[in-house]
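Each chain is listed here by its residues.
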Amino acid sequence: MTSSTGDNNGLVNFDQKSLAIAAIAIAFNPIFWNTAARQEYHNKVLTKLAGGNSRYACYGLAITIFSLGIFRDFLYERALRSQPSHPVLETALSQYVAYALLATGNTLVLTSMWALGVTGTYLGDYFGILMDKMVTGFPFSVCSAPMYYGSTMSFLGTAVLFGKPAGVLLTAEVLVVYLIALRFEDPFTAAIYQKREESRKKGGKKL
């Protein structure tokens, strides 16, 4: 892999429109799924569109989120290809680090999806599709948000693999938007399950 800075001698070429487009896509996705999920929780918008079937509505959102993620990754890779490379990120050691990040990141993402299932992964809680109990096994025994942290590691691994400092910058954006998303998602999800527990206790007292 050769270093190519094109007409820009800096680490990042901010003149490339593809960089801005990728940055917008990275920010848009969590905003979209949080907005859509909250609309569903409060107004049942997606369930109504799915003919009253909340599970079908959740599957529809899952397909949409997954597709947006694939498109975002495509835009990210395209942006990297037009960015300057840096020799420090093109050493043999850097390549080993890149593959390690990709392997670890994908492992966290895939195992969390396996543990949660489709509805657990794609905001089924907001559709009233709640899990029986909290998942505490791997990868949730390693970190609280393995899908987000795993995804961040995969972004960073791709940046290092391509030898692009711009990818490191975009990875920082990925981490920031995920951390912001968690500040909204975690309390909201906790409140959903707390509401269920309170409902169960009330039902138990009636019995």
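Residues numbered from 1 in each chain as written. Predicted model: local features only at pLDDT ≥ 70, side-chain atom pairs only at ≥ 80, totals over all residues. Heavy atoms only, no water.

As for the packing of aromatic side chains
Reasoning step 1: Evaluation of the coordinates by the stated rule reveals 7 aromatic pairs.
Reasoning step 2: With a centroid separation of 5.2 Å and 80 degrees between ring planes, the pair formed by Y41 and F188 is classed as edge-to-face. A residue pair is termed long-range when its members are at least 10 positions apart, and Y41 in helix α1 (residues 17-43) and F188 in helix α6 (residues 165-206) qualify at 147 residues.
Reasoning step 3: Given the relative accessible area of 14%, F188 is considered buried. (Phe/Tyr/Trp six-rings, centres within 6.5 Å; stacked < 30°, edge-to-face > 60°. Helix = DSSP H or I, 4+ residues; strand = E, 2+ residues; numbered from the N terminus. Buried < 20%, exposed > 50% of the residue type's maximum accessible area, 1.4 Å probe, protein only.)

Some remarks on helix α4 (residues 92-121)
Reasoning step 1: In a regular helix each residue adds 1.5 Å, so 30 residues correspond to 44 Å; α4 covers only 36 Å between its end C-alpha atoms and thus falls short of that length.
Reasoning step 2: Most pronounced at A115, the bend in α4 amounts to some 75 degrees.
Reasoning step 3: Just downstream of α4, L123 is the residue with a positive phi angle, here 60 degrees. (Expected span 1.5 Å × (residues − 1). Bend = angle between axes of the 7 residues up to and from the residue.)

Regarding the environment of F127
Reasoning step 1: Topologically, F127 is positioned in the loop between α4 and α5 (146-162).
Reasoning step 2: Given a relative accessible area of 3%, F127 falls into the buried group.
Reasoning step 3: Linking F127 and R55, residues 72 residues apart in sequence, is a C-alpha distance of 7.5 Å.
Reasoning step 4: If we ignore the near neighbours within four places in the chain, the residues touching F127 are E40, K44, L46, T47, S54, A57, C58, L61 and Y122. (Contact = heavy atoms within 4.5 Å.)

Here's the deal with unusual backbone geometry
Reasoning step 1: Put simply, F138 and P139 share a cis peptide bond, and its omega is 5 degrees.
Reasoning step 2: If you check the backbone angles, L123 has positive phi at about 60 degrees while not being a glycine.
Reasoning step 3: Following the sequence through the fold, L123 ends up in the loop between α4 and α5.

A short note on the packing of helix α3 (residues 54-81) against α5
Reasoning step 1: For the pair α3 and α5, the least separation of the axes is 10 Å and the interaxial angle reads 25 degrees. One element, α3, and the other, α5, form an angle in the roughly parallel class. The way α3 lies across α5 gives a crossing that is right-handed. Contacts between α3 and α5 involve R72, D73, Y76, E77, L80 and R81 from the former and S151, F155, T158, A159 and F162 from the latter.
Reasoning step 2: Across the contact of α3 with α5, the residue classes tally to 5 nonpolar, 2 polar and 4 charged. (Axes fitted to C-alpha atoms, helices over the stretch in contact; angles between N-to-C directions. Parallel < 35°, antiparallel > 145°, perpendicular 65-115°, else oblique. Left-handed = near helix turned anticlockwise from the far one by under 90°. Nonpolar A, V, L, I, M, F, W, Y, C, P; charged D, E, K, R; others polar.)

Looking at α5
Every α-helical turn comprises 3.6 residues, leaving residues that sit three or four positions apart pointing alike.
Reasoning step 1: The end-to-end C-alpha distance of α5, which contains 17 residues, comes to 24 Å, matching closely the 24 Å that a straight helix rising 1.5 Å per residue would cover.
Reasoning step 2: Among the 17 residues that make up α5, 13 are buried, leaving the element largely enclosed by the rest of the structure.
Reasoning step 3: Positioned one or two residues after α5, G163 has a phi angle of 70 degrees, which is positive.

So, a nonpolar patch on the surface
Reasoning step 1: The grouping of Y56, Y59 and V118 at the surface amounts to a nonpolar patch, some 310 Å² of accessible area in total.
Reasoning step 2: Following the sequence through the fold, V118 ends up in helix α4.
Reasoning step 3: V118 sits in the partly exposed class, given a relative accessible area of 45%. (Patch = residues over 30% accessible without salt bridge, like charges linked within 9 Å, V, L, I, M, F, W, Y side chains within 5 Å. Areas by Shrake-Rupley, 256 points an atom, 1.4 Å probe, with all protein chains shown as cover. Salt bridge = Lys/Arg side-chain N within 4 Å of Asp/Glu carboxyl O.)

Comments concerning the side chain of R72
Reasoning step 1: Looking at the element boundaries, R72 is found in helix α3.
Reasoning step 2: What R72 contacts, discounting residues up to four positions off in sequence, is A25, I26, N29, S151, F155 and Y178.

Everything listed here is a matter of coordinates, which is why it stays silent on function.
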